[in-house]
Amino acid sequence: MPSTPPAPTDAEAAAPAKRQRRIQSIEVGMRVLQALTEQRRPLPLKDLAQLADMPPGQAHPYLVSFMAAGMVKQSPLTGHYELGPAALQMGLAALQQLDPLTEASQEAALLCAQADLSVALCVWGHLGPTVVRLDEPRYPLHVNLRVGTVMSVFNTITGRVFAAYLPEKMVRSMLEDEHRRVVGGTSGAFDSAEVRQMLADIRAAGMGRGLSTPQPGVNTLSAPVFDADGKIALVITVFGPQGHFDAVIDGPSGQLLRNHAEAVSHRLGYNPAKP
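Let us look at the structure shown here. (Residues numbered from 1 in each chain as written. Predicted model: local features only at pLDDT ≥ 70, side-chain atom pairs only at ≥ 80, totals over all residues. Heavy atoms only, no water.)

1. Quick word on the overall build of the protein chain
Spelled out, the test is: By definition, any uninterrupted DSSP run of H or I lasting at least four residues is a helix, any uninterrupted run of E lasting at least two residues is a strand, and each is numbered from the N terminus. Exposure classes here rest on a 1.4 Å probe applied to the protein chains alone. A residue is buried below 20% of its type maximum, exposed above 50%, and partly exposed in between. Here, two residues are considered to be in contact whenever any of their heavy atoms come within 4.5 Å of each other. For every accessible area listed, the method is Shrake-Rupley and the probe measures 1.4 Å; residues are considered covered only by the protein chains on display.
In terms of regular secondary structure, the protein chain is built from ten helices and seven strands. Counting the 275 residues in the protein chain, one finds 38% classified as buried. Taking the contacts inside the protein chain whose residues are at least 6 apart along the sequence as the reference set, 52% of them involve residues at least 24 apart. Within the structure as shown, the protein chain displays about 16100 Å² of accessible surface, and the carbon and sulfur contribution to it stands at 56%.

2. Quick word on a nonpolar patch on the surface
So the rule is basically this: Nonpolar side chains (Val, Leu, Ile, Met, Phe, Trp, Tyr) within 5 Å and like charges within 9 Å form the patches, drawn only from residues with over 30% relative accessible area and no salt bridge. Within this document, salt bridges are pairs made up of a side-chain nitrogen of Lys or Arg and a carboxyl oxygen of Asp or Glu, the two lying within 4 Å of each other.
Taken together, Ile23, Ile26 and Met30 make up a surface patch of nonpolar side chains, about 290 Å² in accessible area. You can see Met30 is positioned in helix α2 (residues 24-39). For Met30, a relative accessible area of 41% puts it in the partly exposed group.

3. Thoughts on the packing of helix α7 (residues 157-165) against helix α9 (residues 193-205)
Quick reminder of the rule: Axis definition: a line fit to C-alpha positions, over the contact stretch in the case of helices; interaxial angles, taken between N-to-C directions, run 0 to 180 degrees. Throughout this description, any angle smaller than 35 degrees is read as roughly parallel, any larger than 145 degrees as roughly antiparallel, any in the 65 to 115 degree range as roughly perpendicular, and the remainder as oblique. When residue character is reported, Ala, Val, Leu, Ile, Met, Phe, Trp, Tyr, Cys and Pro are called nonpolar, Asp, Glu, Lys and Arg charged, and the others, Gly included, polar.
Two elements in contact, α7 and α9, have axes separated by 9 Å at closest approach and are oriented at 85°. When the axes of α7 and α9 are compared, the pair comes out roughly perpendicular. The segment α7 lies against α9, with Arg160, Val161, Ala163, Ala164 and Tyr165 engaging Met198, Leu199, Ile202 and Arg203. Partitioning the contact of α7 with α9 into residue classes produces seven nonpolar, no polar and two charged.

4. Overview of the packing of helix α6 (residues 100-115) against helix α10 (residues 252-267)
Put simply, the rule is: Should the near helix be turned anticlockwise from the far one by less than a right angle, the crossing is termed left-handed; should it be turned clockwise, right-handed.
With their axes 9 Å apart at the nearest point, α6 and α10 run at an angle of 160° to one another. As judged from the angle between their axes, α6 and α10 are roughly antiparallel. The two elements α6 and α10 cross, and the hand of that crossing is right-handed. Facing α6, whose interface residues are Pro100, Glu103, Ala104, Gln106, Glu107, Leu110, Leu111, Gln114 and Ala115, α10 presents Ser253, Leu256, Leu257, His260, Ala263, Val264 and Arg267. When grouped by side-chain class, the residues that make up the contact of α6 with α10 number nine nonpolar, four polar and three charged.

Printed below as a string of structure tokens:
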């Protein structure tokens, strides 16, 4: 009687995919599910097979198996296919396991190494935009910024990006609290035409830019990261000395920042095509 092969060790299980045995049929079948996921609408067999880059006769058996597992369902009226209840439960479970900061941290480290600039991850805390991670380049820039630093809503580029995408009521409340703590009294800054235009410019560019703001001699770019509901989850900010970093939004560093921010948003389930 043949002996049962031993289970893979932890080291073997953690080995790179190229060193492990792969099941090609699963990878092929995933192209069908991927097509349904990307289209976000019911599809006839012909269109679905074309999107999955396979003939209909090959796609159909996969669909039958996926329907049996609840991953796909078929409309009894049109015969079109769409994602099933098991796919929904799997997606919800994956979203519940996601931590925006964890997903963004590896991108921040990569961005710091690639751009050779300081990178800060900031979330919206109870006192305002708060630094929760700071990656420094080979030659750190000496600025008054540390993990735990709370930034101004309108006097920093990071705060402005949050203000551009958060609900107005939330931003107004935080701005009033900040103004009372620092100056005293109330603030009408949010209603000025200049501020309205500033926030509109940030949304149009998808990024905020600051030259010697808020610290002289330091340039800044800040980009939003969105979650599956299209809400801003955090902001990635890069900054460097004015002579070394020109902070051009469409420049090399700006494009790097945009790419990494979009990568995090994608992993959090954000779909830019969804209103």
